[in-house]
Amino acid sequence: RGCSRSTRVLFHEYSIKAAILIQRWYRRYVARLEMRRRYTWNIFQSIEYAGEQDQLQLSSFFSFMLDNFTHMNGNGPGNKYLISHLLDSVVDPLTEEVRQLKYEQIVVPESYCGPRLSFPLSVTDTNALLSAFKEEQTLHGKYVLQLLYETKKFLKQMPNIIYLSTSYAKEITICGDLHGRLDDLLLIFYKNGLPSAENPYIFNGDFVDRGKKSTEIIIILFAFLLLYPDHMHLNRGNHEDHIMNLRYGFTREVMQKYKTHGREMLQLLQDVFSLLPLATVIDNKVLIVHGGISDKIDLDFLSTVERHKVKSVLRLPKRSVVDILWSDPKNQSGCSPNYFRGGGCYFGPDVTQALLQKHGLCLLIRSHECKQEGYELCHNGQVITIFSASNYYEEGSNRGAYVKLGPELVPRFFQYQVSRSTRKLTLHQRVCVAEGSALRALKEKLYAHRSDLMAAFQQYDIDNTGRISTSEWAQVVESVLRLDLPWRTLRPRLARLGADGNVEYESCFEDISPGEPIPPVTPNLAETLYRYRTDLEIIFNIIDKDHSGQISIEEFRQTWKLFSSHLGVAVDDQTIDDMARSIDFNKDGSIDFNEFLEAFRVVHKLDIKEQQQG
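Residues numbered from 1 in each chain as written. Predicted model: local features only at pLDDT ≥ 70, side-chain atom pairs only at ≥ 80, totals over all residues. Heavy atoms only, no water.

A.B. asks: Would you take a moment to explain the nonpolar core for this structure?
C.D. replies: Grouped together as the largest cluster of nonpolar side chains are 73 residues, with contacts concentrated most on Leu 139, Phe 203 and Ile 365. Here this core takes 10 residues from helix 7 (residues 214–227), the largest share from any one element. Those residues in contact with Phe 203 that lie beyond four places of it in its chain are Cys 175, Leu 178, Leu 185, Phe 189, Leu 221, Met 232, His 233, Leu 234 and Asn 235. Formed by 36 residues, the second largest nonpolar core is a distinct cluster that contains Ile 43, Phe 44, Leu 439 and Leu 481. (Core = buried A, V, L, I, M, F, W, Y, C linked by side-chain atoms within 4.5 Å. Buried < 20%, exposed > 50% of the residue type's maximum accessible area, 1.4 Å probe, protein only. Helix = DSSP H or I, 4+ residues; strand = E, 2+ residues; numbered from the N terminus. Contact = heavy atoms within 4.5 Å.)

Right under this line is the structure:
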């Protein structure tokens, strides 16, 4: 009150200037966070697609070996059996009637306190399943086998393309990838209601893999499919594929939860997955497929494909089904191979327009790609991507969404995010958590390619200083890893600069150390094992038919010959035998391959420090 007018004016000016400075600082702060959030997202997505590319390359190699084994050096009849064993399902000699009777005769012990299903299913059964899974209960193997058998019997009658109408319901709900996230499915049902005649659903593939509750998800979806066959619809995704399931966790999950009946379930699931419809059309105007389209896709031809023969899309010579399940849209016109994923294609707005016009459609709805907001529109609004697994890469990384269509065919989007701890974190904390996880994965990639990177770095380091320019460092890393990432932006998080402003290139390996490799393994071979650990695990898991975690020494030898042929790595028989003997700990002629693989898991030094401090 005692201040003069000039003082008050001056104070007011200072306040405005301070507010402007704070506002500018905050905008820069948010912009930096957004930049970190974007490159974190790019890292996750690039590593995900690189893994899919590796899977497709491995599957292509298996197919090549099976088709050309007689021309390959060192491949006898035993190896033909091994390779065909990797790819083909075992034919069950039982008739449908005998198999059904067999399942009915499985005894459920009195001690079992989970749901007891009776077929045909009722609302009581689906409610019991939902309640049981919320309480972390497991459905007895007998009922799972019966459910899969009934689902297979039902799907055999279905066409490749399902045609629906909105005239019988107010709206149809379309959900995208769930990837084993049961909490997302339960949240969708909580927000949007359970499937029913008045509340129809379409789930657009990728129900399984990656998440820990894939088994529970397919049980719920198949149960509602049988309960409401005219109002619950399931499209096949690229992860409804037994070879994909070996890499991404579903096979392991089934065997861990159902040790007695798991193997039989997996055989049934191969059939069920191959019988899932490939597409759904609403009101003859909206096409729904999991991945996308290509300039070769024709719906009339697609309706004639013998889908039950396609146990794994990865082995299919014809593009049509592969393109439907694996393709992604792009902004540029045309259609080109999707080398980033390794399968399917990139299709442009002109390809979308041509297909829609040809079949009298107005909209394409697809899934297959994680989106930060759970959905995205492209191609002038003619393509919608819908993705329903929230927190897909990391807690807080993305929202999930579903879309509803009524008779007017105007899409309405609904977003959500399953949250246990996300709400307690600030934006800065959420970005830091996701960024840390992404950088750990990226550092593992760098370490797994250390020899190739060092050789390329040293080509630029003519004077052997241990340093090269930032642009040279970025160029080398991209040429070796091929992840299409902003390496110059990421450099401060991956490698340090020397006093002269150049990158000390060996520093990008400092935060990672190897496990404890077994003695016969040379450093170069150890690095190969770090890099292709997942591929080797897949081969081991296929050979281990009873999923005991044990394989014979002879199977180990055969695996290595196949593996070294795949990689083009020369590993002599003596080295293989030495490895086999050194890990046959019980000297009983069998090998615990999980223990073997554990020796080739990289260790983050920061983790060790935290454990020591804890």
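Further notes follow.
A.B. asks: Please explain a positive patch on the surface as it appears in this structure.
C.D. replies: A cluster of basic residues, Arg 24, Arg 27, Arg 28 and Arg 32, forms a positive patch at the surface. With respect to the helices, strands and loops of the structure, Arg 28 is situated in helix 1 (residues 5–68). (Patch = residues over 30% accessible without salt bridge, like charges linked within 9 Å, V, L, I, M, F, W, Y side chains within 5 Å. Areas by Shrake-Rupley, 256 points an atom, 1.4 Å probe, with all protein chains shown as cover. Salt bridge = Lys/Arg side-chain N within 4 Å of Asp/Glu carboxyl O. Lys, Arg positive; Asp, Glu negative; His and termini not counted. Charge placed at Lys NZ, Arg CZ, Asp CG, Glu CD.)

A.B. asks: How should the sheet that holds strand 12 (residues 383–386) be read in this particular structure?
C.D. replies: Think of a sheet as strands paired side by side through backbone hydrogen bonds, with each pair either parallel or antiparallel. Spatial strand order, 1-5-6-10-12-11: six strands in an open sheet with mixed pairing. Taken across any chain shown, the strands that pair with only one partner, and hence form the sheet edges, are strand 1 (161–164) and strand 11 (375–378). The average angle at which neighbouring strand axes cross in this sheet is 20°, direction not considered. (Pairing = 2+ DSSP bridges. Axes fitted to C-alpha atoms, helices over the stretch in contact; angles between N-to-C directions.)

A.B. asks: What exactly am I supposed to notice about the confidence of the model for the protein here?
C.D. replies: Any region with low pLDDT has predicted coordinates that should not be read closely. Residues at a pLDDT of 70 or more form 87% of the protein, whose mean pLDDT is 86. Every residue in residues 69–78 scores below 50 in pLDDT, and together they form eight contacts with partners more than four places removed in sequence or on other chains. In this model, residues 608–614 is a region of pLDDT below 50 whose contacts with residues beyond four sequence positions or in other chains number two contacts. (pLDDT = per-residue confidence, 0-100.)

A.B. asks: So what exactly am I meant to see when it comes to helix 10 (residues 262–275) here?
C.D. replies: Helix length check: helix 10 (14 residues) gives 20 Å between terminal C-alpha atoms against 20 Å at 1.5 Å per residue, within 8%. Of all the 14 residues making up helix 10, 12 are buried; the element is thus mostly covered by neighbouring parts of the structure. Listing the buried residues of helix 10 in full gives Gly 262, Glu 264, Met 265, Leu 266, Leu 268, Leu 269, Gln 270, Asp 271, Val 272, Phe 273, Ser 274 and Leu 275. On its buried side, helix 10 packs onto helix 3 (96–104), helix 5 (141–155), helix 7, helix 8 (242–248) and helix 9 (250–257). (Expected span 1.5 Å × (residues − 1).)

A.B. asks: Please explain the sheet that holds strand 7 (residues 328–329) as it appears in this structure.
C.D. replies: Read across the sheet, three strands follow the order 7-9-8 without closing on themselves; strand pairing throughout is mixed. In the strand order of this sheet, the two ends are held by strand 7 and strand 8 (335–337), each with one partner.

A.B. asks: Honestly, the pairing of strand 2 (residues 172–175) in this entry has me stumped. Any pointers?
C.D. replies: It is a general feature of regular strands that their side chains alternate between the two faces of the sheet. With burial as the criterion, each face of strand 2 is covered, one bearing Ile 172 and Ile 174 and the other bearing Thr 173 and Cys 175. As judged from the three bridges shared by strand 2 and strand 3 (residues 201–203), these two strands associate in the parallel manner. Across the sheet, Ile 174 pairs through a bridge with Ile 202, a residue of strand 3. Tracing the backbone out of strand 2, into helix 6 (residues 182–192) and back to the parallel element strand 3 gives a crossover that is right-handed. (Right-handed = clockwise from strand over helix to strand, strands pointing away.)

A.B. asks: Got a minute to help me understand the side chain of Thr 385 in this structure?
C.D. replies: Counting through the fold element by element, Thr 385 comes out in strand 12. Looking at Thr 385, its side chain comes within polar contact range of the side chain of Arg 366, at 2.9 Å. Once residues lying within four places of it in the same chain are set aside, the contact partners of Thr 385 are Arg 366, Ser 367, Glu 369, Lys 371, Gly 374, Tyr 375 and Glu 376. (Polar contact = N/O pair within 3.5 Å; in protein donor to acceptor, adjacent residues only side chain to side chain.)

A.B. asks: Any chance you could explain the UniProt feature "domain: EF-hand" (unreviewed entry) in the protein here in plain terms?
C.D. replies: When the UniProt feature table is mapped onto this chain, "domain: EF-hand" (unreviewed entry) is found at residues 448–483, 531–566 and 571–606. For residues 448–483, the end-to-end C-alpha separation is 14 Å, with 67% helix and 6% strand making up the annotated structure. (UniProt positions renumbered as here; feature names shortened; annotations may be inferred.)

A.B. asks: Just checking my understanding: could you explain the packing of helix 14 (residues 427–448) against helix 17 (residues 487–494) for this structure?
C.D. replies: Each pair of packed helices can be described by the angle between their axes along with the distance between the axes. Running from amino to carboxyl end, helix 14 crosses helix 17 at an angle of 95°, the nearest separation of the two axes being 11 Å. In terms of orientation, helix 14 lies roughly perpendicular with respect to helix 17. Packed against helix 14, whose contacting residues are Glu 435, Leu 439, Leu 442, Lys 443 and Leu 446, the element helix 17 presents Trp 487, Leu 490, Arg 493 and Leu 494 at the interface. Counted by class, the contact of helix 14 with helix 17 contains six nonpolar, no polar and three charged residues. (Parallel < 35°, antiparallel > 145°, perpendicular 65-115°, else oblique. Nonpolar A, V, L, I, M, F, W, Y, C, P; charged D, E, K, R; others polar.)

A.B. asks: Teacher, can you tell me more about the pattern of salt bridges here?
C.D. replies: Proximity of charged atoms lets side chains of opposite charge pair with each other. For the coordinates displayed, the defined rule picks out 28 salt bridges. The salt bridge involving Lys 153 is made with Glu 150; its shortest N-O contact spans 3.5 Å. Highlighted residues: Lys 153 and Glu 150, both in helix 5, separated by three residues, approximately one helical turn. Judged by its relative accessible area of 19%, Glu 150 is buried. A salt bridge links Glu 435 to Arg 493; the shortest N-O distance between them is 3.6 Å. Here Glu 435 is found in helix 14, whereas its partner Arg 493 is found in helix 17, with 58 residues between them in sequence.

A.B. asks: Is there a simple way to explain the pairing of strand 11 in this structure?
C.D. replies: Examined bridge by bridge, strand 11 and strand 12 share four bridges and lie antiparallel to one another. Residue pairing across strands places Tyr 375 opposite Ile 386, the latter belonging to strand 12. Hairpin remark: strand 11 followed by strand 12, antiparallel, with four residues in the connecting loop; positive phi at His 379, about 55°.

A.B. asks: When you look at the side chain of Glu 52 in this model, what are you seeing that I'm missing?
C.D. replies: Structurally, Glu 52 is set in helix 1. Excluding its chain neighbours within four sequence positions, the residues that come into contact with Glu 52 are Arg 210, Asn 238, His 239, Tyr 248, Trp 326 and Arg 341.

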